[in-house]
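# A look at the structure
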Amino acid sequence: DRYRIMVRDLPTGASFELAPDWDRSPSAIAFSGDGKSIYANAQDMGEKTLWRFELGTGKAHRLAGDGTIGSFDVSSGSVVFARDNLRSPSELFIIEGGETRQLTDFSGPQLKNVAMGEYQRFSFEGAHGDTVHGYVMKPAVYEEGRKYPIAFLVHGGPQGSFGDHWHYRWNPQTYAGQGFAPVF
């Protein structure tokens, strides 16, 4: 129940699966400028990460995460991508020469005085020994030692779930801002 990256040699018509042992499902794919690699983004342990695959070997390289990589564009020598997370809407970033740097800060000035909950990922053993992953977020004005109500947010699977993503409809920060400790 996952998507795969299939490559076809046009002159011969032969097809093969690129990186058959990679256990993610790509959302979008693009060839590198030199045609030697394929880039893809994919759901990955509560994030949506950016990957590069070597066409010759099928080796997968995780390039960026720390939230949700939405759109990306590949040119010769660089990749520009949009990334958001539970603390910020999308901003643009670039990978050049192996280094990642932020290009925009549209939301920083608007959010600098907004109280938001800190969050962390957790996991536990579920049915049949499967690992279940989730997040917990502190209320926006958290005080150590104080008790808070929990908002238990359930959504997902198998193709989508809550994660480290700034969602305009299902954003756990809206619960944290009201004094809840969201678990999702």
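Structural data are supplied above this passage.
Heads up: these notes are all about the structure in this document. (Residues numbered from 1 in each chain as written. Predicted model: local features only at pLDDT ≥ 70, side-chain atom pairs only at ≥ 80, totals over all residues. Heavy atoms only, no water.)

A tally of regular secondary structure across the protein chain gives 2 helices and 14 strands. Seen through its principal axes, the protein chain has C-alpha atoms that stretch 65 × 45 × 25 Å. Taking all 184 residues of the protein chain together, 38% fall into the buried category. Restricting to contacts in the protein chain with at least 6 residues of sequence separation, those with at least 24 account for 38%. For the protein chain, the exposed area adds up to about 11400 Å²; of that, 51% sits on carbon and sulfur atoms. Separation between the mean location of the 18 positive side-chain charges and that of the 22 negative ones in the protein chain comes to 2 Å. (Helix = DSSP H or I, 4+ residues; strand = E, 2+ residues; numbered from the N terminus. Buried < 20%, exposed > 50% of the residue type's maximum accessible area, 1.4 Å probe, protein only. Contact = heavy atoms within 4.5 Å. Areas by Shrake-Rupley, 256 points an atom, 1.4 Å probe, with all protein chains shown as cover. Lys, Arg positive; Asp, Glu negative; His and termini not counted. Charge placed at Lys NZ, Arg CZ, Asp CG, Glu CD.)

Within the secondary structure, Ser90 is located in strand 9 (residues 88-96). For Ser90, a relative accessible area of 39% corresponds to the partly exposed category. Between the C-alpha atom of Ser90 and that of His167, which follows or precedes it by 77 residues, the distance is 10.0 Å. When residues no more than four places from it in sequence are discounted, the contact partners of Ser90 are Ala82, Arg83 and Asp84.

It is worth spelling out the side chain of Thr104 at this point. When you line up the elements, Thr104 lands in the loop between strand 10 (99-102) and helix 1 (108-111). Within the structure, the side chain of Thr104 is placed 2.8 Å from the backbone nitrogen of Leu92, a separation counted as a polar contact. Beyond its immediate sequence surroundings of up to four residues, Thr104 is in contact with Glu91 and Leu92. (Polar contact = N/O pair within 3.5 Å; in protein donor to acceptor, adjacent residues only side chain to side chain.)

Along the chain, Glu144 turns up in the loop between strand 12 (131-137) and strand 13 (150-152). Note: C-alpha distance between Glu144 and Thr100 (44 residues apart in sequence) is 35 Å.

Bringing the side chain of Glu91 into the picture now. Secondary-structure assignment places Glu91 in strand 9. This buried residue, Glu91, is left without a salt bridge; Arg83 holds the nearest opposite charge, at 10.0 Å. Engagement of the side chain of Glu91 in a polar contact is seen with the backbone nitrogen of Asp105, the distance being 3.3 Å. In contact with Glu91, not counting residues within four places along its chain, are Phe81, Ala82, Arg83, Gln102, Thr104, Asp105, Phe106, Ser107 and Gly108. (Salt bridge = Lys/Arg side-chain N within 4 Å of Asp/Glu carboxyl O.)

This next bit is on the nonpolar core. Ranked by size, the top nonpolar core spans 11 residues in total: Ile5, Val7, Leu18, Ala19, Trp22, Ile38, Ala40, Ala42, Trp51, Phe53 and Leu55. Elements with a minimum of two residues in this core: strand 1 (5-8), strand 4 (37-44) and strand 5 (47-54). For this core, the leading source of residues is strand 4, giving 3 residues. Those residues in contact with Leu55 that lie beyond four places of it in its chain are Val7, Phe16, Leu18, Phe31, Gly35, Lys36, Ser37 and Ile38. (Core = buried A, V, L, I, M, F, W, Y, C linked by side-chain atoms within 4.5 Å.)

Any functional reading would require information that these geometric values do not contain.
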